[in-house]
Amino acid sequence: MPRTRHYDVIIIGTGAGGGTLAHRLAPSGKQVLLLERGDYLPREKENWDTSEVFVKGRYVSKDTWYDTNGKPFQPGSHYFVGGATKLYGAALFRLRREDFGELRHHDGISPAWPLRYQDLEPYYTEAERIYQVHGLRGSDPTEPPASAPYPFPPVAHEPLVQEFSDKLERAGHRPFPAPTAIMLDEQNPAYSRCIRCDTCDGFPCLVHAKADAETVCVRPALQHPNVTLVTNAEVTKLETSASGRDVARVVVRRNGETETYAGSIVVVAAGAANTARILLLSANDKHPRGLANGSDMVGRNYMFHNSVALVALSKRENLTRFQKTLSLNDYYFSADDFEFPLGNLQMLGKSQGPMFKEDAPAFAPGFALDQMARHSVDFWLTTEDLPNPNNRVVLNGRGDITLHYTFNNQEPTKRLKAKLQSMLKHLDCHPHLIPNQLYLGKTIPIAGVAHQAGTCRFGTDPKTSVLDVNCRAHELDNLYVVDTSFFVSIGAVNPALTAMANALRVGDHLLERLR
């Protein structure tokens, strides 16, 4: 049997958490191994083909998960170097300062985190620099305090979006430029990597102008000779030492063969569902319910936002190409007619005809698909789903993910949709909204897993949490988790920046430990 090679740190997963952590550790000189289940996402014309990406699901994993009733479904997950960020919309919001405390919602309590916003703020600022975020401080009325301006100016609105922004302001709203992680130089377009195309949100970037974890973190990390990347390496188990107090070996299935690796520190960042799966699959005599699961909390409190993709139809043609530049948080914490938080409203990438293939006949029979796309104005609504220990990842007899999930806190979603609908009269749009199910690439609601979080929550009490405040497992000395599994609550903005900032924070802790 070949000798198991030893590393100082093994990182499982290369997305917002794992990729960012690798970037932090790379200059240390320590031997760092990155294990990625997938390969590099291929650069090909199909990257920008709407039918291939949205209708055929070219880059969606072939996984089969199961719902509460045992019904199989294909989750909208992506396994590539860079993880889910390869196809994300690059909207990098900070959680609000209040999101770190206890918040009352329509259906219950969003619990407090074991750290404060101020503890994460310097890392938010650094993550925004690494991911080249464009934005405008002070334009969002709910924005938490920041120690520095955004590193780049906001992405300019195209004419129709600028009109919308102006009209919303005149109606008493406070729209603001969405914080966006793209490599765009609007002052020097000839030298700009980003070309402001209409195939960004939900697409891979063919010209590598999206600031995803592969482009801005993993590739720079690999310039250091002490960092190694192994692709097509699916982790199947973590084996512990005889004492059960540390992870001794990482077992990998790669190209049909089994390989093992050893690390002084092992960090799991495989996505909230798959991280829980790895820990549950690793049960042994010392950890009969799975690693780090003495509390029976691994896999519990799964969250993924109450999100809705909606299309309004402008009475004029919408010639916008890069549409995802406007956001609105006026109802993030409450509304004039509702005392509880509603959430975030932002624009989506511009719809194209094939995206309406399933929905158009039922909702807008008078419109041809391409005509709909020419008039479409696209929105994304996010409200908070609350942690519930019964919403959880469990494994079936074959080790496949079974997702038990009951929707909660739905009233704010309905009300936020109604608020958007009431704005349409100011925006010269038809007074109805069309669901765009295909944007999420989903056939049933729980298959939209881009914002999954919460399955290994951190905290100070080992009885109610999986990880400590440094994201180390309470029960194992060398096991850490740095994807969105650690979230206690999910807020109502995209979770990627918080995962990135936390990875930098944990990275500093690990550098101290490695010294």
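Since the model is a prediction, treat every value here as computed from it, not as a measurement.

Q: How should the pairing of strand β1 (residues 5-12) be read in this particular structure?
A: Here is the key point about a regular strand: its side chains alternate between the two faces of the sheet. Of the strand pairs in this sheet, β1 and strand β13 (residues 257-268) are connected by seven bridges, and their pairing is parallel. Bridging from a neighbouring strand, H6 pairs with A262 of β13. In the sheet, β1 pairs with strand β2 (residues 32-35) via four bridges, with the strands oriented parallel. Bridge pairing links V9 to V32 in β2. Taken together, β1, helix α1 (residues 18-25) and β2 constitute a β-α-β crossover, and its handedness is right-handed.

Q: Is there a simple way to think about the pattern of salt bridges in this case?
A: Opposite charge on two side chains permits pairing when their charged atoms draw close. All chains considered together, the criterion is met by 39 salt bridges. As a salt-bridge pair, E121 and R94 come within 3.1 Å of each other at their nearest N and O atoms. Placement of the pair is E121 in helix α3 (residues 117-130) and R94 in the loop between β4 (72-73) and β5 (103-105), with a sequence separation of 27 residues. Classification of E121 by relative accessible area gives buried; the value is 10%. Take R94: its relative accessible area is 4%, and that puts it in the buried class. Note that E234 is salt-bridged to R277, the shortest N-O span being 3.5 Å.

Q: Whenever I open this one, the sheet that holds strand β17 (residues 376-383) confuses me. Can you help?
A: Working definition: the strands of a sheet are paired by backbone hydrogen bonds and lie parallel or antiparallel to each other. If you walk across this open sheet you meet the six strands as β8-β15-β16-β17-β14-β20, and the pairing is antiparallel. Either end of the sheet is taken by a strand with one partner, and the two such strands are β8 (176-177) and β20 (429-435). Those strands touched by helix α9 (residues 411-423) are β14 (306-314), β15 (326-328), β16 (344-347), β17 and β20, and its axis lies near 150° from that of β17.

Q: Sorry if this is basic, but what is going on with the packing of aromatic side chains here?
A: What characterises a pair of aromatic rings is the spacing of the ring centres plus the angle enclosed by the ring planes. Here the structure, examined in full by the defined rule, presents 20 aromatic pairs. Site record: aromatic cluster; members linked through ring pairs are F100, W113, Y117, Y124, F458, F486 and F487. Sitting over the ring of Y332, R96 keeps its end group 5.8 Å from the ring centre. Directly above the ring of Y150 sits R137, whose terminal nitrogen or CZ lies 3.9 Å from the centroid.

Q: Quick question: what am I supposed to make of unusual backbone geometry here?
A: Most peptide bonds adopt trans geometry, and most residues besides glycine take a negative phi value. Even without being glycine, R196 reaches a positive phi, approximately 55°. Here R196 falls in the buried class, since its relative accessible area comes to 14%. The phi angle at H208 is positive, at roughly 55°, despite the residue not being glycine. Structurally, H208 is set in the loop between β9 (180-181) and α5 (213-221).

Q: Would you mind showing me how to read α3 here?
A: Owing to its 3.6 residues per turn, the α-helix aligns residues three or four sequence positions apart on the same side. Compared with the 20 Å implied by 1.5 Å per residue over 14 residues, the 19 Å span of α3 between its first and last C-alpha is a close match. At Y123, α3 shows its strongest bend, of approximately 25°. Restricting attention to buried positions, one finds in α3 the residues Y117, L120, E121, Y123, Y124, T125, A127, E128 and I130. Backbone geometry just after α3 places Q132 at a positive phi near 55°.

Q: Can you help me understand α1 in this one?
A: Of all eight residues in α1, seven are buried, a share of seventy percent or more. Contact partners of the buried residues in α1: β1, β2, α3, α5, β13 and α10 (496-514).

Q: Hey, could you run me through the state of the cysteines in this one?
A: Here a disulfide denotes a covalent bond joining the sulfur atom of one cysteine to the sulfur atom of another. Evaluation of the coordinates by the stated rule reveals zero disulfides. Note on C197: no disulfide assigned, nearest cysteine sulfur contributed by C200 at a separation of 6.3 Å. A relative accessible area of 14% means that C200 is categorised as buried.

Q: So what exactly am I meant to see when it comes to the side chain of R24 here?
A: When you line up the elements, R24 lands in helix α1. Judged by relative accessible area, R24 falls into the buried class, the value being 16%. A distance of 2.5 Å separates polar atoms of two side chains, one belonging to R24 and the other to E126. In terms of polar contacts, R24 uses its side chain to reach the side chain of D508, at 2.9 Å. Leave out the neighbours within four places in its chain, and R24 touches Y123, E126, L504, G507, D508 and L511.

Cut-offs applied
Residues numbered from 1 in each chain as written. Predicted model: local features only at pLDDT ≥ 70, side-chain atom pairs only at ≥ 80, totals over all residues. Heavy atoms only, no water. Pairing = 2+ DSSP bridges. Helix = DSSP H or I, 4+ residues; strand = E, 2+ residues; numbered from the N terminus. Right-handed = clockwise from strand over helix to strand, strands pointing away. Salt bridge = Lys/Arg side-chain N within 4 Å of Asp/Glu carboxyl O. Buried < 20%, exposed > 50% of the residue type's maximum accessible area, 1.4 Å probe, protein only. Contact = heavy atoms within 4.5 Å. Axes fitted to C-alpha atoms, helices over the stretch in contact; angles between N-to-C directions. Phe/Tyr/Trp six-rings, centres within 6.5 Å; stacked < 30°, edge-to-face > 60°. Lys NZ or Arg CZ within 6 Å of the ring centre and 35° of its normal. Expected span 1.5 Å × (residues − 1). Bend = angle between axes of the 7 residues up to and from the residue. Disulfide = S-S within 2.5 Å. Polar contact = N/O pair within 3.5 Å; in protein donor to acceptor, adjacent residues only side chain to side chain.

Purely geometric stuff here, so don't read any function into it on its own.
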